[in-house]
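# Examination of the molecular architecture
Okay, here's what each chain looks like letter by letter:
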Amino acid sequence: MTQKHYKVLILEDSPLDLELIKNELTTSLPYDFEFRNVVYEAEFSEAVTSFLPDIILSDFRLPLFSGFKAIKIVQEIDSYIPIIIVTGALPEEIAAESILNGAWDFVVKSRLNRLPIAFDNSLRMRNEKYKRRQVEIELNYVRKKNGIEIKLLYDAIDHAPDAVVITNIDGVIQYVNPSFEKITGYSSEEAIGKKPSILKSGIHDNSFYDELWNTILAGQEWRGDIMNKRKNGEIYRETMSIAPILDEKGRIFNFVAIKTDTTQQMLIEQELLRAKEKAEENDKLKSAFLANISHEIRTPLNSIMGFSELLLGGNIEPETIFAFAKIIHNSGKNLMSIISNVIQLSEIQSETVFVTQTPINVVDIIISIVREYSEDFQNKNIELAFKNTTPYKQIIIDTDAYKFQQIISKFVSNSLKFTEKGKVDIILEIKSENELEITVKDTGAGIKPELQHIIFEPFIRFDTFDNDFKKGMGLGLSIANSYAKMLNGNIKINSIPGEGSEFRFLLNTKITIITEQPVEDHGIENIFSDFTIVIAEDDNNNLKLIEQILEETGVHLICTRNGRELLEMLKKVPSISLILLDLNMPVKDGLEALKEIRTFNSEIPIIAQTAYTNEIETAYELGITNYITKPIDSALLIQILKRYLL
């Protein structure tokens, strides 16, 4: 292979440095060099014009001569000849000034090993300048032919944000602007002489490119989107227009392509399309939900209104009264479940839900859930069982008790809804010292694999008979999944159509085992006879309900109607053991009263009672000890009071 031949003019007065420079170049670069050495200004000027060097290496300080003068002479004779300053020491400001005046690079003699790199870079820059000059010559030719100010157009193209490519009639690239280099990753040196097919992605078939070429060869402009591939292999989208350039006789002699990288726009469009489809699907689901909720609410409401009206009619046997009351109670529970689901989903979607960590006994929670649902399962002749795979009866974790209970309850409720025969098991396992798993396993309808990925979406309803999503309101599992994530847990489902489903709730949490036997429960009769509780409640019915729930406990109750009365009572009766505080009351509401109480009594337990769970976070910040939601669960109320009084 023939070596490239380069003429090198060296302006250097030190014979030793001259030999070092020559040696560095000849030993480091695979070129055939022809050197000429000069020292003075006159012979330098003569050598530039007669020797015609490819590159000049100049010392900065010479007898009666300097590097600045050498740069000026070269600029006047031929600015396309690279000149590199090679000097013993050069302050940074002088080096910068040399570059500004026209030096292409500078090399300090103590680091002469950088000279070959500077040499190659300068020649590469020279070649690039030659190419640009050739493009300018060709563009000037077109300007003369067509009367267009191509120079202005060239400057605009050079600084355009869009990629510009000029090819000849055969599609060979003759020019690319800097934006092309930035977008594609190919330098102009790599692209010029190649065809645009270097960008082919393989996504489009031959007919696509045939149509493009047929259009532009016919003298017409082609516009469209094309998927191309960058140098690094990344696929991207370009919105492109290609137009032919014609001579005065109407013959095509060039093509110009203007290409805009619209990849980000494409991704946004795709995301918007997915969001639009999701919104449309949600609208359909919400419409179906709203149509369904009327039926879901009216069904238990019809039972409540109908049977209560019969009770008010009188002349009913005691057994019938009990049966009617039971129906009214169960219908009320169903109605409350519907309302709770709607409120919970609203809070989740509005991001007003918070997590309150308290110690809970997992075993007690599951046992209470089994008790709560036992009658419903008996009515369907289905077995509901709790299987504790551990030997422990007190497994304590710190978590949000309400949300933890709701997750398992909604699993159980779901299994009850879709299991017509067989059994449902609640299985408790300790997977590791920080992992607890609760599984609800049923022998119900099961779920098709292709439908399981949407089981936790809101408004999805399921039908047992055709294994399609229709039955129910479609909120329970969605709420359970959201609560699980809030508690740093996750839910998995295993389901086989016709055999049943398993819902697994894995919770990452610190687990404490208490091996002592729990205190035996002897009922609630007179268990609080030594204590005084003040109730702040403005609703008479709620007040009567609490009095009835606590009557058997023997507790001494003091009733107040608002926050002001509560504050006065606390000052009058210092022996009060606990406060049951409604957060919404007239005159002075519960939050105001709470804030004031904590200024003079930081120890007394204060249990908030409210129907608005979005108030609880503020209440905790102000100093409540715990809370209970309305409608009040009597067993839960007793359990909370035991915790803080006994």
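No experiment lies behind these values; they were computed from the predicted model shown. (Residues numbered from 1 in each chain as written. Predicted model: local features only at pLDDT ≥ 70, side-chain atom pairs only at ≥ 80, totals over all residues. Heavy atoms only, no water.)

## Observations regarding the sheet that holds strand S23 (residues 578-582)
Spatially, the five strands line up as an open sheet ordered S22-S21-S23-S24-S25, and their pairing is parallel. Looking at strand neighbours, the two that pair on one side only are strand S22 (556-560) and strand S25 (626-629), the edges of this open sheet. Recorded for the sheet is a direction-independent mean angle of 20° between the axes of neighbouring strands. As judged from the four bridges shared by S23 and strand S24 (residues 606-610), these two strands associate in the parallel manner. Bridge assignment links Asp-582 to a residue of S24, and that residue is Gln-609. The sheet contacts of helix H19 (residues 634-645) involve strand S21 (532-536), S23, S24 and S25, and relative to S25 the element is tilted by about 170°. (Pairing = 2+ DSSP bridges. Helix = DSSP H or I, 4+ residues; strand = E, 2+ residues; numbered from the N terminus. Axes fitted to C-alpha atoms, helices over the stretch in contact; angles between N-to-C directions. Contact = heavy atoms within 4.5 Å.)

## Topic: the packing of helix H2 (residues 41-50) against helix H3 (residues 67-77)
Between H2 and H3, the shortest axis-to-axis distance is 11 Å and the interhelical angle comes to 30°. Viewed along their axes, H2 and H3 adopt a mutual orientation that is roughly parallel. Seen along the crossing, H2 lies across H3 with a hand that is right-handed. Of the residues in H3, those touching H2 at Glu-41, Phe-44, Ser-45, Val-48 and Thr-49 are Lys-69, Ala-70, Ile-73, Val-74 and Ile-77. Taken together, the residues of the contact of H2 with H3 break down into six nonpolar, two polar and two charged. (Parallel < 35°, antiparallel > 145°, perpendicular 65-115°, else oblique. Left-handed = near helix turned anticlockwise from the far one by under 90°. Nonpolar A, V, L, I, M, F, W, Y, C, P; charged D, E, K, R; others polar.)

## Regarding the nonpolar core
Formed by 44 residues in total, the largest nonpolar core has its most connected members in Phe-404, Ile-408, Phe-411, Val-412, Ile-426, Ile-438 and Phe-505. Broken down by element, this core gets its largest block of residues, eight residues, from helix H12 (residues 362-379). In contact with Ile-426, other than residues within four places in its own chain, are Ile-366, Val-370, Leu-384, Ala-385, Phe-386, Lys-387, Ile-408, Val-412, Ile-438, Thr-439 and Val-440. One finds Ile-579, Leu-583, Leu-594 and Ile-616 within the second-largest nonpolar core, a separate group that totals 23 residues. (Core = buried A, V, L, I, M, F, W, Y, C linked by side-chain atoms within 4.5 Å. Buried < 20%, exposed > 50% of the residue type's maximum accessible area, 1.4 Å probe, protein only.)

## Observations regarding the pattern of salt bridges
For the coordinates displayed, the defined rule picks out 27 salt bridges. As a salt-bridge pair, Lys-109 and Glu-12 come within 2.9 Å of each other at their nearest N and O atoms. Of this pair, Lys-109 sits in the loop between strand S7 (105-108) and helix H5 (115-146) while Glu-12 sits in the loop between strand S1 (5-11) and helix H1 (15-28), and the two are 97 residues apart along the sequence. Residue classification places Glu-12 among the buried positions, given a relative accessible area of 2%. (Salt bridge = Lys/Arg side-chain N within 4 Å of Asp/Glu carboxyl O.)

## Remarks on the confidence of the model for the chain
Per-residue confidence for the chain gives a mean pLDDT of 85; residues scoring 70 or more make up 90%. Low pLDDT (under 50) marks residues 463-471, which in the prediction has 33 contacts with non-local residues, meaning those over four places away or in another chain. (pLDDT = per-residue confidence, 0-100.)

## Overview of the sheet that holds strand S11 (residues 235-246)
Spatially, the five strands line up as an open sheet ordered S9-S8-S12-S11-S10, and their pairing is antiparallel. Looking along the sheet, the strands with just one partner apiece sit at the ends: strand S9 (173-176) and strand S10 (222-229). Sheet twist, expressed as the average angle between the axes of neighbouring strands with direction ignored, equals 30°. When S11 meets strand S12 (residues 252-261), the two strands line up antiparallel, connected through nine bridges. Counted as the bridge partner of Ile-242 is Ala-257 from S12. This element, helix H9 (residues 206-217), spans S10, S11 and S12 of the sheet and lies at about 140° to S10.

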